[in-house]
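Descriptive structure summary
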Amino acid sequence: MGDTSKSHGSHVDKTSMQAFPVDQILDNSSTDFDLFLEAAGGLTLYAQATYKWSKDELTRLLANGHKSLFYRQAETPRVDFYLRIHKQVQVDVLSHPRLRILNLTEAAAELTRVLYEYDVTPVVIAKAADVAVAMVQCVKQDPTCITALGQLVQHDEYTYYHSARVGAYALAIAVQLSQSDETKLAAMATGALLHDVGKARVDRKVLDKRGALTPPEWDEMRLHPVHGDAMVAESQLSVVPRQIILHHHERLDGTGYPHKLTGKELLEEVKIVAFADVFDALTTSRPYQVCRTRFEALAFIRDRLLANLHSDSYNALVEILAGRVKQSA
Ligand SMILES: [Fe+2]
Ligand SMILES: [Fe+2]
């Protein structure tokens, strides 16, 4: 303070700026709007977008009396977006996996809600990856934690919680299939969390329709993998999540969409997520569909769908639900 020099080029007029409380910034998160620091009687650009935060830095700012940073009013939508996406649901990493998976599902559902209202940005991708990593640790610790995931969800909420549950189921299956590489698991979980992102571009009336879809409505619904692929085309998303988004409705016998690929052409991670996707749809109450118990759903898959779906995933899920889990390191 005390520097009255008005000629300092980096100083900004405070009247057009809004305060942003430092304690609203989560460590390890990224802000995609510029943040300014009040210093020497003016505002100086401090954290240029995109800026990654560490706990140490946030602690230091608060310790130095900087309770708030400032952003340009014009960036309010980005700020609102940041606050929504990081509105946590505190996830205690030491809590029991059955409780933790519920909190993580809540966090992932909020992420999905945000995806329906805003664009896919690097902040969303980073947030999905964070939730995915936390899910990996949780499910690795106890794959049976997935049994805590509720079967009955309000129809309107289905869209939001579905992807989170698919992520958890897919992880439990992959761990049971001896996949222990956390980077690979997290990539798969990120893909699962985002797999239906393209539904954000499907007409809401079709998406929320309670009755059976007409053929043209089905045509529109079936575009969601291609929409999703286009939405993440410019993102930093790696190959596995992108393949999951584009191919999760392909079937091993070539009867799926959009490209009628066969089992040989699909990544293992895609097959696992596709299986988890079907399992979640069967165990959730939907319009025109009774909600099956987990065991009814497995019997239905065994009898009717297994020719098209990943049989290793089926076997793994049977083992998990029977409590015969492989404990990984
Ligand atoms: Fe889908
Ligand atoms: Fe899905």
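Rules used throughout
Residues numbered from 1 in each chain as written. Chains lettered and ligands numbered in written order. Predicted model: local features only at pLDDT ≥ 70, side-chain atom pairs only at ≥ 80, totals over all residues. Helix = DSSP H or I, 4+ residues; strand = E, 2+ residues; numbered from the N terminus. Rg over C-alpha atoms; globule rule 2.2 N^0.38 Å. Buried ≥ 20, exposed ≤ 12 C-beta atoms within 10 Å, placed from the backbone. Contact = placed C-beta atoms within 7 Å. Pairing = 2+ DSSP bridges. Core = buried A, V, L, I, M, F, W, Y, C linked by C-beta atoms within 7 Å. Domains from an automatic or database assignment. Nonpolar A, V, L, I, M, F, W, Y, C, P; charged D, E, K, R; others polar. Axes fitted to C-alpha atoms, helices over the stretch in contact; angles between N-to-C directions. Parallel < 35°, antiparallel > 145°, perpendicular 65-115°, else oblique. Left-handed = near helix turned anticlockwise from the far one by under 90°.

Details of the overall build of the chain
Assigned secondary structure in the chain consists of 13 helices and seven strands. Rg of the C-alpha trace for the chain: 22 Å, near the compact-globule value of 20 Å for 329 residues, within the 12% margin. With the C-alpha coordinates of the chain rotated into their principal frame, the extents come out at 80 × 45 × 35 Å. Relative to its 329 residues, the chain shows a buried fraction of 38%. Look at the contacts in the chain between residues 6 or more apart in sequence, and 72% of them connect residues 24 or more apart.

What about the pairing of strand β5 (residues 42-47)?
Examined bridge by bridge, strand β4 (residues 35-39) and β5 share five bridges and lie antiparallel to one another. Bridge pairing in β5 places Phe36 opposite Leu45. Where β4 folds back on β5, the antiparallel hairpin that results is connected by two residues, among which Ala40 adopts a positive phi of roughly 50°.

Comments concerning the nonpolar core
The biggest cluster of nonpolar side chains holds 73 residues, and the ones touching the most others in it are Met135, Ala170, Leu171 and Ala189. Here the element with the most residues in this core is helix α5 (residues 155-176); it accounts for 12 residues. Within the second largest apolar cluster, eight residues are counted, among which are Leu35, Ala47, Leu69 and Tyr71.

Considering unusual backbone geometry
Residue Thr50 follows Ala49 across a cis peptide bond; omega there is -5°. With respect to the secondary-structure elements, Thr50 resides in the loop between β5 and β6 (51-52). A positive phi is found at Ser178, a non-glycine position, where the angle reads about 70°. We note that Lys260 has phi near 50°; this positive angle belongs to a residue other than glycine. On the basis of neighbour count, Lys260 is assigned to the exposed category, with 12 C-beta atoms found within 10 Å.

Focus on the domain arrangement of the chain
One can read the domain layout of the chain as domain 1 (11-78) and domain 2 (88-321). Put simply, the middle of domain 1 and the middle of domain 2, counted by C-alpha atoms, are 35 Å apart. Taken together, the contact between domain 1 and domain 2 spans four residues of the former and five residues of the latter. Of the residues contributing to the side of domain 1 that touches domain 2, the split by class is no nonpolar, three polar and one charged.

Section: the environment of Glu217
By secondary structure assignment, the location of Glu217 is in helix α8 (residues 215-221). With 17 C-beta atoms packed within 10 Å, Glu217 lands in the partly exposed category. Each C-alpha atom, one on Glu217 and one on Ala233, is 25 Å from the other, the two residues being 16 residues apart in sequence. Contact partners of Glu217, with chain neighbours within four places excluded, come to Val206 and Lys209.

Some thoughts on the packing of helix α4 (residues 122-141) against helix α6 (residues 182-194)
At a closest axis distance of 8 Å, the pairing of α4 and α6 adopts a crossing angle of 125°. On the basis of the axis angle, α4 is oblique to α6. α6 is crossed by α4, and the crossing has right-handed handedness. In this structure, α4 uses Ala128, Ala129, Val131, Ala132, Val133, Met135 and Val136 to contact α6, whose residues at the interface are Glu182, Leu185, Ala186, Ala189, Thr190, Leu193 and Leu194. Residue classes in the contact of α4 with α6 are distributed as 12 nonpolar, one polar and one charged.

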